Amino acid sequence: MSVSRSIARAPRLLRYPRRFKVVAMITVLLFAAALVVAALAAWRQDNLTQSLREDTAWVVYKLDRDAVQLFNHLLASTRGPLSPADQDELNLRFELLYSRMTLLQEGEVSLLLENISMANSLLAQIQQQLETLDPMFEPHASLPQLPVAELETELLALTRLTERFVIAINGFLAESATQERALLSVLYKLLMSLLVGMSFAVLLVIVFLVREMRESAAARREQEQLSRQLEVTATQAQAANHAKSDFLAMVSHEIRTPLNGVIGMSELLREPASLAQVEDYARTIHDSANQLLAMINEILDFSKIEAGHLTLETSPTALKPLVDSVISLFAPRAKAKDLQLTLVIDPLVPAWVMIDASRLRQILLNLIANAIKFTDHGEVNIHIYSTVNYLSFEICDTGCGLSEEQQASLFEPFQQADESVARRFGGTGLGLAICKRLSEAMQGRLGVRSIPGQGSTFWCELPLVEASPVSAPLPSEPMLDFAGTSLLLVEDNAVNRKVATGLLARLGCDVVCAENGQDALEMVQAQQVHLIFMDIQLPDIDGITVTKRLRSQGGWLANVPIVAMTAGGIDDVRQRCLAAGMSDYITKPLSLLALSNVLSLQLFTVSRPYALPALPSYQDQHESQPLLNRETLDTLTVSLGTERIDQLIMLYHQQVSDYSAQLAAYLGSAALLTTEQAKKVARLAHQLRGESLGVGAERLAAEAKRLEILVSNTTASSQDLTESLSLLRQTASRTHAALEKWRRDDSTEE
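Residues numbered from 1 in each chain as written. Predicted model: local features only at pLDDT ≥ 70, side-chain atom pairs only at ≥ 80, totals over all residues. Heavy atoms only, no water.

A cluster of nonpolar side chains, contributed by F31, L183, L184, V186, L187, Y188, L190, L191, M192, L194 and L195, occupies part of the molecular surface with about 960 Å² of accessible area. Counting residues per element, the nonpolar patch draws most heavily on helix α6 (residues 148-207), at ten residues. Checked against the element boundaries, M192 lands in helix α6. (Patch = residues over 30% accessible without salt bridge, like charges linked within 9 Å, V, L, I, M, F, W, Y side chains within 5 Å. Areas by Shrake-Rupley, 256 points an atom, 1.4 Å probe, with all protein chains shown as cover. Salt bridge = Lys/Arg side-chain N within 4 Å of Asp/Glu carboxyl O. Helix = DSSP H or I, 4+ residues; strand = E, 2+ residues; numbered from the N terminus.)

What follows concerns the sheet that holds strand β10 (residues 531-535). The strand order across the open sheet built from five strands is β9-β8-β10-β11-β12, with neighbouring strands paired in parallel fashion. What marks the edges here is a single partner per strand, and that holds for β9 (510-514) and β12 (584-587). With strand direction ignored, the average angle separating the axes of adjacent strands in the sheet is 25 degrees. Bridge count for strand β11 (residues 562-566) against β12 is four bridges, and the pairing is parallel. By the bridge assignment, M565 is partnered in β12 with I586. (Pairing = 2+ DSSP bridges. Axes fitted to C-alpha atoms, helices over the stretch in contact; angles between N-to-C directions.)

By size, the foremost hydrophobic cluster in this structure holds 39 residues, and its most contacted members are L319, L364 and I368. Among the elements of the structure, α9 (319-336), β3 (352-355), α10 (357-373), β4 (378-386), β5 (390-397), α13 (431-441), β6 (445-451) and β7 (455-463) are those that each provide at least two residues to this core. Sorting elements by how many residues they give to this core places α10 first, with eight residues. Sequence-distant contacts of L319, that is, excluding residues within four places in its chain, are made with V349, P350, A351, V353, L360, I384, L391 and F393. Counting 35 residues, the second largest nonpolar core, distinct from the first, contains F71, L130, L161 and V166. (Core = buried A, V, L, I, M, F, W, Y, C linked by side-chain atoms within 4.5 Å. Buried < 20%, exposed > 50% of the residue type's maximum accessible area, 1.4 Å probe, protein only. Contact = heavy atoms within 4.5 Å.)

Relative to each other, α9 and α10 sit at 30 degrees, their axes nearing to 10 Å. Taken together, the axis directions place α9 and α10 in an arrangement best described as roughly parallel. Every pair of crossing elements has a handedness; the one defined by α9 and α10 is right-handed. Contacts between α9 and α10 involve L319, L322, V323, S325, V326, I327, L329, F330, R333 and A334 on the former and, on the latter, A357, L360, R361, L364, L365, I368, A369 and I372. Tallied by class, the residues present in the contact of α9 with α10 amount to 15 nonpolar, one polar and two charged. (Parallel < 35°, antiparallel > 145°, perpendicular 65-115°, else oblique. Left-handed = near helix turned anticlockwise from the far one by under 90°. Nonpolar A, V, L, I, M, F, W, Y, C, P; charged D, E, K, R; others polar.)

Right, let's get into helix α15 (residues 517-526). An α-helical turn contains 3.6 residues, so any two residues separated by three or four positions project in the same direction. Every buried residue of α15 is listed here: G517, A520, L521 and V524. Down the axis of α15, the sector holding all buried residues measures 100 degrees, keeping them to one side. α15 presents Q525 and A526 as exposed residues on the side facing more than 90 degrees away from its buried surface. The elements touched by buried residues of α15 are β8 (486-490), β9, β10 and α16 (543-552). With a side-chain oxygen positioned 3.2 Å from the backbone nitrogen of Q518, the residue opening α15 is N516. (Arc of directions from axis to C-beta. Polar contact = N/O pair within 3.5 Å; in protein donor to acceptor, adjacent residues only side chain to side chain.)

Here we come to the pattern of salt bridges. In the structure shown here, the tally under the stated rule is six salt bridges. Salt-bridge contacts for K337 lead to D376; the nearest nitrogen and oxygen are separated by 3.8 Å. Of this pair, K337 sits in the loop between α9 and β2 (339-345) while D376 sits in the loop between α10 and β4, and the two are 39 residues apart along the sequence. In this structure K337 comes out as partly exposed when scored by relative accessible area, which is 27%. Accessibility expressed as a relative area gives 41% for D376, which makes it partly exposed. Two residues, K436 and E440, come together in a salt bridge whose shortest N-O distance is 3.9 Å. Taken as a pair, K436 and E440 lie in helix α13 at a separation of four residues, close to a single helical turn. A relative accessible area of 24% means that K436 is categorised as partly exposed.

The structure is reproduced here in structure tokens:
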């Protein structure tokens, strides 16, 4: 009985006549069509109005631009004699400018401008100004000489009028847009009212669309499925956010650790300390800074790979020397942990292969470093073998090993085996991710086999392409003393300039600095140097442009070595530097070794037509060199003041006395000098030279430099060292007297 009632009730919603349903549907459709047509008409009208306003704004803008360009072209053309072609071009530009007025005075644009009172007034003034300018612009055939001064005055007045004209039009357009937005708000309210009315009509149609319930149910099911997918996505996003937070916390900790070493040791260096303590503090600062730099380089390398900027440079490479150089870096670390570090190369492995040596070296450095880091006892073995198509590397250790779960996420970025590993060993978790991406970029593979508690084996397979041996001359050992070498350092940053100058001075170079590109272009006209260090980012002219201008001048500038210095190591920047005519490329942060290498390569190794300026001999320098450099002392006096310069000279006298005593103690038995003692003497002489140059004691600095060179020369006799020390002490005594006289005479006059 109930079932029959349900069946009887089911068609109640569909019992209305079909004609009624058709009429209702047609009514709703006609109502909707009317709304659509009205909306389209209003939209079209609005578009036409907006298009007219945009056209007007564009014509006004072009009028202003043409006026400004005509004025600028006139200024550019009148810097020198005005040629007939320039005069004709100016006349043509004026005709084009004049034609803009026709567009503003005709058609719908003029109707729009009539509604803007200020625009009408300005338009009349502009027309009058153009009428004033019209007889002044003629072709060269009609008017041989233009009245340049009057033209500049009138054009300047015209540009001011056009600028006000643009501002007036833009103000009107902004005000119109505001009014339209207010009207649009009213229309939206009206539209909402119409939509409400139409909704009632739609309700009549809904009664006849019961079957849509089935589609609604299907849509509901799809929505539920989408909701589940969104939950999964949200979970993944939360995991990624958690990983990012962990990475930031880990990197913050890892950066703070070496940074703490740098800051702490720097503060200790500011306090009085013995020479041994100073060396220890400096060594700690250097190690901490290198650790921080390695971490930053690792993050930048990964970012570079992810951005797709990785480039491979394949070349013939001797495999065993490359691997030996990597292993030699880790031999002291392995010895300190009492680990056996062995290398086994299969006899079938070719001696020379085609490969990107730097990328392979980076992979091996990471894998061997990890193996030693996570192995407390036992051994680390490097095994290299080859098949027909692949060159394989295996790094086996007897460390803690990895579980299958740890292996699954080991090569993901910012991941480590567990939190205890991060706390104990540190690191960013990017090393293995970089290795995997490098191996894949080289068309190879990288993986791991490991058993917890028994150790791990990391393997890397790369395509094997044999190469013929390449004979290349061995690079010469970098020089540590470039005495008499003059350099130009172009660097705008004061800190970077101070660091570079200090390092180059330690190498014995004479450095002059330019803070921007224009200063560099002026300095090379007054002084010839052996080499130029050029920063890429400069405040006025970039270093690449400066280099091109230097090369274009010819003469010694066409061949002088120019070395780029920049904080970035992007390959396209390097190519741009070399293409601009630079000789080499060095990245910051700078180091003594890097600077020494590039100086040796560019000044003494590379064969080039550029002849270095001859340097004066020591004897000539000694005879002509004054005891004091008055300019240096005057500069110090201006910078520090009389009281502080007196304190500085007193401190310098004390330092010279201490250095002389220490040198005499070492050289009293010069025939018995050991290698360590010779290094200490050279260091003392170098320090004395630096401090002497700082206070203008040039001759004493020269004697200290001579002693430094002699003690570094193993062929120097005991008599040579004794004579050099005697001459140094005599010069020190004379310098002391000269400084005291300067304090009494010149300094008091200041």
